[in-house]
Amino acid sequence: MPDDQRQARIVDFIAKLTAALGPKGVSTDAHEIEPHVKDWRGRWQGSTPVLVKPASTEEVSKAVKLCAEFGLAVTPQGGNSGMVNGSIPYGEVLISLKRMNRVRNIDVLNDAMTLEAGVILTQAQELADTNDRLFPLSLGAEGVATIGGLISTNAGGVAVLRYGMMRDLMLGIEAVLPDGRIWNGLRGLRKDNTGYDLKQLFIGAEGTLGLVTAATLKLFPKPAVKETAWVVLDTPAQAVELLARAKAASGGAVTGFEIVPRFGLELVLKHVPDIRDPLPSPAAWRVLIELSLPRPEGARDMMESLLGDAAEAELILDAAIADNEAQKALFWKIRESVPVAERAHGKALKHDVSAPVSRVAEFLERGEALVRKMAPQCDLIAFGHVGDGNIHFNVTAPKGVDADAYLEGEGLSVSKAIHDLIMELNGSISAEHGIGKLKRAELAWRKSQVEMDMMRAVKKALDPDNRMNPGRLL
Ligand code: FAD
Ligand code: 2HG
Ligand code: ZN
């Protein structure tokens, strides 16, 4: 279609959209659109003719029906904290779900709450807390990320080893399909064997099958006490051995087990205010351990004897157990600030990989050797969720070169070698951030033909015109 005709169609579309949703639901203001079309690290910049801001499921449905009528593609967006270039539009109609932020229901006896897609994760956690329950999903972007985005990326975070990923926290879903129909699957059931579990399709779909508008989420008992420790050790193999001991000693009460390299800690000390090193040491690694227990009695002893035994076995060099909430907050702040400090240090090749926990140490050792050999001028920042086998193995572009050109050019061979290694260890090239545009091409050749065929068949069945976040994931 010639440009002027396309432009006239867009003008007509926006007029109809405004009539359907009212002026509050539509924006073409460049200033308002600006933060929605770039990512938080400043790596990608997109554009959109219009930002749609529905306030209800019915409004989402109206907007999607109009997009279908006009043959326009849609990019859904929540908090725009995604890491794989999935939520930024490149000419698509941008639908932000942030105004859909109501609590629909909280059913304490059923340990469930139903929230709209735009509710921010910290609000969901606080709501659970005020009802004497725990919503356990927790991650660095929790003040920004939305329920809809967390579902659509099947987010992970720092408590997966105990509570699972977003997929494991879901009971029901409401979604608007590509043709604009509303599917209400908001069942709060723990048992429901009535055919295909359709909600699973939308979890981790990255907006490619429709828009998530609400969800029923699981709640858990609030632990009475958390014991948090900061541990210094020499090798990742020692960390994995310590994890096994912590699980056994606590009867499965380990809710956090995160690894931070000395260089990551140094970057945090350099770039983030109000941080001090809890245990200064030249050793190469730090681990944060969190135990969550139903009773305070014996909790401190449990952590102390775990660490005492580990020191005696020469698994760890030093350890500090938090004495108060401020110390716990400091340990967590160091860990959660690594991505922010890394961003301040420079742009990086990001590898969000996972391996069986038993092979994580081998991955870290061989991966580091590989980076030192292939890219000796780059810095390696390898950190994260060692407790569930997920490492963020990030390699910064060399100083003094054009970072974007490096990430798109020479750096790709480093990424390929790292991903080859993780595949050799029976791992995954995307543990928790998803695929987006960033890893779309690689997914197609890393997955088996039969897996790609099944995924494409699902996509074709639900979105035959490929209008839902096209060019992401598949
Ligand atoms: P967005 O970024 O807006 O969107 C993400 C994807 O979902 C896009 O493809 C988008 O099109 C789609 N989408 C969004 N909303 C909807 C909807 N309602 N319906 C359909 N599709 C939708 N992730 C982890 O898993 N674990 C971590 O520990 C973690 N830590 C992070 C730390 C920092 C500092 C940052 C910046 C990010 C981190 N992330 C982490 C990544 C990010 O927070 C998650 O991917 C999160 O789930 C994205 O939520 P969002 O609302 O920002 O979604
Ligand atoms: C984390 O665990 C996030 O902190 C971000 O998933 C990881 O920046 C990263 O690579
Ligand atoms: Zn992570």
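Criteria and thresholds
- Residues numbered from 1 in each chain as written.
- Chains lettered and ligands numbered in written order.
- Predicted model: local features only at pLDDT ≥ 70, side-chain atom pairs only at ≥ 80, totals over all residues.
- Heavy atoms only, no water.
- Near = heavy atom within 4 Å.
- Polar contact = N/O pair within 3.5 Å; in protein donor to acceptor, adjacent residues only side chain to side chain.
- Areas by Shrake-Rupley, 256 points an atom, 1.4 Å probe, with all protein chains shown as cover.
- Helix = DSSP H or I, 4+ residues; strand = E, 2+ residues; numbered from the N terminus.
- Nonpolar A, V, L, I, M, F, W, Y, C, P; charged D, E, K, R; others polar.
- Donors = N, O, S within 2.8 Å, 3.2 Å for Na, K, Ca; no water.
- Buried < 20%, exposed > 50% of the residue type's maximum accessible area, 1.4 Å probe, protein only.
- 1 Å grid on protein atoms, 1.4 Å probe; cavity = no way out; pocket = protein on both sides within 12 Å on 5 of 7 lines; lining within 4 Å.
- Points joined across faces, edges and corners; volume = space filled by probe spheres on them.
- Pairing = 2+ DSSP bridges.
- Axes fitted to C-alpha atoms, helices over the stretch in contact; angles between N-to-C directions.
- Contact = heavy atoms within 4.5 Å.
- Lys, Arg positive; Asp, Glu negative; His and termini not counted.
- Salt bridge = Lys/Arg side-chain N within 4 Å of Asp/Glu carboxyl O.

S.K.: Which residues make up the site of ligand 1, and what are the values?
M.R.: Residues in close proximity to ligand 1 total 35 residues, the closest being Pro76, Gly78, Ser81, Thr146 and Thr153. One nitrogen or oxygen atom from the main chain of Gly156 is found 2.9 Å from an oxygen atom belonging to ligand 1. Notes on ligand 1: free accessible area 980 Å², of which the protein chains cover 96%. Where the shell around ligand 1 is concerned, the elements lending two or more residues are β3 (74–77), α5 (147–152) and β10 (211–218). With 4 residues, the single largest contributor to the shell around ligand 1 is α5. Classifying every residue of the shell around ligand 1 by side-chain character gives 12 nonpolar, 21 polar and 2 charged.

S.K.: Pulling in residues and values, what's your account of the coordination of the zinc ion (ligand 3)?
M.R.: Any two of four tetrahedral donors ideally make an angle of 109.5 degrees at the metal, while pairs among six octahedral donors ideally make 90 or 180 degrees. Listed as protein donors to the zinc ion (ligand 3) are His385 (NE2), His392 (NE2) and Glu432 (OE); their distances from the metal cover 1.9 to 2.1 Å. In the primary structure, the donors to the zinc ion (ligand 3) are separated according to the pattern H-x6-H-x39-E. In this pair, His392 sits in strand β19 (residues 390–396) while Glu432 sits in the loop between α15 (411–424) and α16 (440–446), placing the two residues 40 residues apart along the sequence. Given the relative accessible area of 6%, His392 is considered buried. Its relative accessible area of 10% is what places Glu432 among the buried residues.

S.K.: Give a description of the layout of surface pockets that names residues and reports values.
M.R.: Taken as a whole, the second largest pocket encloses approximately 700 Å³ of empty space. In terms of lining residues, the second largest pocket is bounded by 32 residues, among which Gly204, Ile435, Lys447, Met455 and Leu473 are the most central. Those elements that provide at least two residues to the lining of the second largest pocket are α7 (199–202), α16 and α17 (449–462).

S.K.: Residues and numbers for the sheet that holds strand β9 (residues 182–185), please.
M.R.: Within the open sheet, the 5 strands sit side by side as β5-β6-β10-β8-β9. Their pairing is antiparallel. On the outer flanks of this sheet lie β5 (103–107) and β9, each paired with one strand and no other. Taken over all neighbouring pairs, the strand axes of this sheet differ in orientation by 10 degrees on average, direction set aside. In this sheet, β10 lies alongside strand β6 (residues 112–116) in antiparallel orientation, the contact comprising 5 bridges. Looking at β10, one finds that Met113 is bridged to Leu217. Across the sheet, helix α3 (residues 57–70) lies against β5, β8 (170–176), β9 and β10, angled at about 45 degrees from β8, the strand it touches most.

S.K.: I'd like a rundown of the side chain of Glu290, residues and numbers included.
M.R.: Considering the arrangement of structural elements, one finds Glu290 in strand β14 (residues 285–293). As a buried residue without a salt bridge, Glu290 has its nearest oppositely charged side chain in Lys226, at a separation of 4.1 Å. Looking at Glu290, its side chain comes within polar contact range of the side chain of Trp332, at 3.3 Å. Sequence-distant contacts of Glu290, defined by excluding residues within four places in its chain, comprise Lys226, Glu227, Thr228, Ala253, Val254, Thr255, Gly256 and Trp332.

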